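Chain residues, written in single-letter form:
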Amino acid sequence: MSKPQRPQLTKVVLDVLKTHEPSVVELGKLISELDGVSHVSIVVGEMDAKTETIKMTIEGINLDYEEIERAIKRFGATVQSIDEVIYSSGR
Amino acid sequence: MGQGGSALKRLLRRLRELRTHMRAEQVDEIARRYLVMNAFDGALAILSVVVSAYFAVDVQDPRFIVAVGLANCLAMGISGFTGTFMTERAERLRRLKEIENLLLTDLGDTDRERASLLASVYVALIDGLAPMVAAAISLSPFIIAMFFPLDMKTVVYVALAMNMATLFTLGAFLGRVSKENIALSGLKMVLIGCGTALLCVLLKAI
């Protein structure tokens, strides 16, 4: 009997608050360069004079959530909530 | 090679990220403004030193003009760097605090904070170096004359020509930025230089 694989994070959807500049293009590029990330999708939600709330969907293999959160924080944005998470056990 | 290559890749990625934030801070536009403004200051300051020393006081020793000119360069450089750094830093810190309040987070140890400090240093360096470089260009014939026996009159006219060329280049650069007539913009700067030189020559009457 083969050893069961550890569940891997394959998708996470985040609600992020950021300023208009640097743009979502730059944030998307930054996140897409992280290990394991294969797709990044960003949809801009609410906007006011200086900030915007975005819905960020990150997909890939064996995603490291801590690293993603660190990268977003380093970028100067904040994760407001985690709206969806998908783990895959590989079975 | 593999480890070194990936470290280099990481470093390049970090630099690109910081550059992104610096662009968001509109650093290039501010630096460009300071570059022209302060190089113009430096060129005019040396023009006044050369013209008043030679035409008004009849200085024949190039060492005198180099000493006064370099002291001027240094003072402009120090004043440019420190003044701009402190002003830019204060403005950027205020903006950073505003963003912290908007995002309800601490931006310490983020790229935004690092870019804010880097932007202040970068802009201050441009502000400090621009007048020094502009002034050094016009002083270079006198520096050469300190080591080689050259006719002082020729040296002064070469320095003035180099000064006018610097002013023209700055004007042409502004013309290119504003997408207007480059030659006309350069000539405007040269005219301001000629006017300044004329006023300095008039000092002889005092």
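Conventions and cut-offs
Residues numbered from 1 in each chain as written. Chains lettered and ligands numbered in written order. Predicted model: local features only at pLDDT ≥ 70, side-chain atom pairs only at ≥ 80, totals over all residues. Heavy atoms only, no water. Helix = DSSP H or I, 4+ residues; strand = E, 2+ residues; numbered from the N terminus. Expected span 1.5 Å × (residues − 1). Buried < 20%, exposed > 50% of the residue type's maximum accessible area, 1.4 Å probe, protein only. Pairing = 2+ DSSP bridges. pLDDT = per-residue confidence, 0-100. Contact = heavy atoms within 4.5 Å. Core = buried A, V, L, I, M, F, W, Y, C linked by side-chain atoms within 4.5 Å. Axes fitted to C-alpha atoms, helices over the stretch in contact; angles between N-to-C directions. Parallel < 35°, antiparallel > 145°, perpendicular 65-115°, else oblique. Left-handed = near helix turned anticlockwise from the far one by under 90°. Nonpolar A, V, L, I, M, F, W, Y, C, P; charged D, E, K, R; others polar. Polar contact = N/O pair within 3.5 Å; in protein donor to acceptor, adjacent residues only side chain to side chain. Phe/Tyr/Trp six-rings, centres within 6.5 Å; stacked < 30°, edge-to-face > 60°.

## Examining helix α2 (residues 27-56) of chain B
Here is step 1 of the chain: For α2(B), spanning 30 residues, the distance from its first C-alpha to its last is 42 Å, which sits close to the expected 44 Å at 1.5 Å a residue.
Here is step 2 of the chain: Phi turns positive one or two residues past the end of α2(B), at D58(B), with a value near 60 degrees.

## Overview of the pairing of strand β3 (residues 51-60) of chain A
Residues and elements named next belong to chain A.
Here is step 1 of the chain: Counting buried positions over the 10 residues of β3 gives 8, a clear majority of the element.
Here is step 2 of the chain: Judged from the 8 bridges that link them, strand β2 (residues 37-47) and β3 form a sheet pairing that is antiparallel. From the neighbouring strand, V37 faces β3, where its bridge partner is G60.
Here is step 3 of the chain: Here β2 folds back onto β3 in antiparallel fashion, the turn holding 3 residues.

## Structural notes on the confidence of the model for chain B
Residues and elements named next belong to chain B.
Here is step 1 of the chain: Taken residue by residue, chain B gives an average pLDDT of 90. The fraction at 70 or more is 99%.
Here is step 2 of the chain: Mean pLDDT values over the elements of chain B span from 82, in helix α1 (residues 2-24), up to 94, in helix α5 (residues 152-177).
Here is step 3 of the chain: What the predictor reports for the complex is a pTM of 0.80 with an ipTM of 0.72.

## A word on the environment of V59(B)
All names here are of chain B.
Here is step 1 of the chain: With respect to the element layout, V59 can be found in the loop between α2 and α3 (62-103).
Here is step 2 of the chain: Linking V59 and M152, residues 93 residues apart in sequence, is a C-alpha distance of 9.2 Å.
Here is step 3 of the chain: What V59 contacts, discounting residues up to four positions off in sequence, is A53, Y54, F64, I65 and M152.

## Describing the nonpolar core
It is characteristic of soluble globular proteins that their nonpolar side chains tend to be buried jointly.
Here is step 1 of the chain: Ranked by internal contacts, the top residues of the largest apolar core, which has 36 residues, are L47(B), V50(B), I65(B), F142(B), V156(B) and L167(B).
Here is step 2 of the chain: Of all the elements in the fold, those that place two or more residues in this core are α2, α3, α4 (111-147), α5 and α6 (182-202) of chain B.
Here is step 3 of the chain: Ranked by the residues each element gives to this core, the list is headed by α2(B), at 13 residues.
Here is step 4 of the chain: The residues contacting I65(B), other than those within four sequence positions of it, are V49(B), V50(B), A53(B), V59(B), L139(B), F142(B) and M152(B).
Here is step 5 of the chain: Counting 19 residues, the second largest nonpolar core, distinct from the first, contains L14(A), M56(A), Y65(A) and F75(A).

## Some thoughts on unusual backbone geometry
Here is step 1 of the chain: Here the residue pair E21(A) and P22(A) is connected by a cis peptide bond, since its omega of -10 degrees sits within 30 degrees of zero.
Here is step 2 of the chain: Inspection of the secondary structure assignment puts P22(A) in the loop between β1 (8-19) and α1 (24-32).
Here is step 3 of the chain: The backbone of Q26(B) shows a phi angle near 55 degrees, a positive value even though the residue is not glycine.
Here is step 4 of the chain: As for its placement among the helices and strands, Q26(B) is situated in the loop between α1 and α2.

## Description of the packing of α5(B) against α6(B)
Residue and element names in this part refer to chain B.
Here is step 1 of the chain: As a packed pair, α5 and α6 sit with axes 7 Å apart at the nearest point and diverge in direction by 140 degrees. Here α6 runs oblique to α5, going by the angle between their axes. Crossing hand, α5 versus α6: right-handed. Here M164, L167, F168, L170, G171, A172, L174, G175 and R176 of α5 lie close against α6, whose contacting residues are I182, A183, S185, G186, L187, M189, V190, G193 and C194.
Here is step 2 of the chain: Taken together, the residues of the contact of α5 with α6 break down into 12 nonpolar, 5 polar and 1 charged.

## Regarding the sheet that holds β1(A)
Here is step 1 of the chain: What the 4 strands build is an open sheet, ordered β2-β3-β1-β4 (chain A); its pairing is antiparallel. A single partner strand is all that each edge strand has here, and the edge strands are β2 and β4 (78-88) of chain A. The average angle at which neighbouring strand axes cross in this sheet is 15 degrees, direction not considered.
Here is step 2 of the chain: Inspection of the sheet shows β1(A) paired to β4(A) by 9 bridges, in the antiparallel sense. Of the residues in β4(A), the one forming a bridge with D15(A) is S81(A).
Here is step 3 of the chain: Here helix α2 (residues 65-75) of chain A sits on the sheet in contact with β1, β3 and β4 of chain A, set at roughly 15 degrees to β1(A).
Here is step 4 of the chain: Strands in contact with α3(B) are β1, β3 and β4 of chain A; relative to β1(A), the strand with the most contacts, it is inclined by about 120 degrees.

## Regarding the side chain of R92(B)
Residue and element names in this part refer to chain B.
Here is step 1 of the chain: Relative to the helices and strands, R92 is located in helix α3.
Here is step 2 of the chain: Polar contacts involving the side chain of R92 include one to the side chain of E25, which spans 2.5 Å.
Here is step 3 of the chain: Setting aside chain neighbours within four positions, we find R92 in contact with E25, V27, I30, S116, A119 and S120.

## Description of the packing of aromatic side chains
Residue and element names in this part refer to chain B.
Here is step 1 of the chain: In total, this model carries 3 aromatic pairs over all chains according to the counting rule given.
Here is step 2 of the chain: Centre to centre, the rings of Y54 and F55 are 5.0 Å apart; their planes meet at 90 degrees, and the pair counts as edge-to-face.
Here is step 3 of the chain: Ring plane angle 5 degrees and centroid distance 6.2 Å describe the contact between F81 and F85, whose orientation is recorded as stacked. On the criterion of helical spacing, the pair formed by F81 and F85 is a turn pair, its members being 4 residues apart in helix α3.
Here is step 4 of the chain: An aromatic cluster is present here, built from Y54, F55 and Y157 joined pairwise through their rings.

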